[in-house]
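Examining the three-dimensional arrangement
One letter stands for each residue in the lines below.
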Amino acid sequence: MEKSVIVFDGECNLCNGVVGWLLKNADVDVFNFVPFQSNYGQEILRNNGFETDNLETVVLLDEKGVHTLSDGFLRILAKLPQWKSLATIFGWVPRFIRDSVYRLAAKNRVRWFGKSQFCTVNLS
């Protein structure tokens, strides 16, 4: 199986923190991490119909397609065996509620957590 691709905001402390946590907790063959500011990130966004100047959601590309907002985040968690049950439980929460909370956090992430001086992964 190919690795799932996670496109994230490489300038956001929250996003970088989550990527750092995933790097420590996921097997190396599960994810490829791509900052949206990188050339490859820009290409992925363009090819999938997303804006390229700002990213307000994590974008997960896996064997089932493209996933964003809370569905994307829960699918990421579900790929970690120790977190799959929690992802399933939160999946029972109606999407409009999950996505509302996700959008609130995404809108305020830089204000709440700050802007990163560096990206967790190489911007290539």
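Located above this text is the structure these notes cover.
Now for a look at the structure at hand. (Residues numbered from 1 in each chain as written. Predicted model: local features only at pLDDT ≥ 70, side-chain atom pairs only at ≥ 80, totals over all residues. Heavy atoms only, no water.)

**Observations regarding a nonpolar patch on the surface**
A surface patch of nonpolar side chains, amounting to about 340 Å² of accessible area, comprises W21, W83, L86 and F90. Relative to the assigned elements, F90 resides in helix α4 (residues 84-91). (Patch = residues over 30% accessible without salt bridge, like charges linked within 9 Å, V, L, I, M, F, W, Y side chains within 5 Å. Areas by Shrake-Rupley, 256 points an atom, 1.4 Å probe, with all protein chains shown as cover. Salt bridge = Lys/Arg side-chain N within 4 Å of Asp/Glu carboxyl O. Helix = DSSP H or I, 4+ residues; strand = E, 2+ residues; numbered from the N terminus.)

**A look at the pairing of strand β2 (residues 31-35)**
The buried fraction of β2 is high, at 4 of 5 residues. Two elements, strand β1 (residues 4-8) and β2, share 5 bridges in a ladder whose sense is parallel. The residue bridging V5 from the neighbouring strand is N32, located in β2. For the handedness criterion, the β-α-β arrangement of β1, helix α1 (residues 13-25) and β2 is classed as right-handed. (Buried < 20%, exposed > 50% of the residue type's maximum accessible area, 1.4 Å probe, protein only. Pairing = 2+ DSSP bridges. Right-handed = clockwise from strand over helix to strand, strands pointing away.)

**A few points about the sheet that holds strand β4 (residues 65-68)**
Strand order in this open sheet of 4 strands is β2-β1-β3-β4, and the pairing throughout is mixed. Edge positions in the sheet fall to β2 and β4, since each of these pairs with one other strand and no more. On average, each strand axis in the sheet is tilted by 20° relative to the strand beside it, whichever way the strands run. Of the strands in this sheet, β1, β2 and β3 (59-62) touch helix α2 (residues 39-47), which is tilted by about 95° from β2. (Axes fitted to C-alpha atoms, helices over the stretch in contact; angles between N-to-C directions. Contact = heavy atoms within 4.5 Å.)

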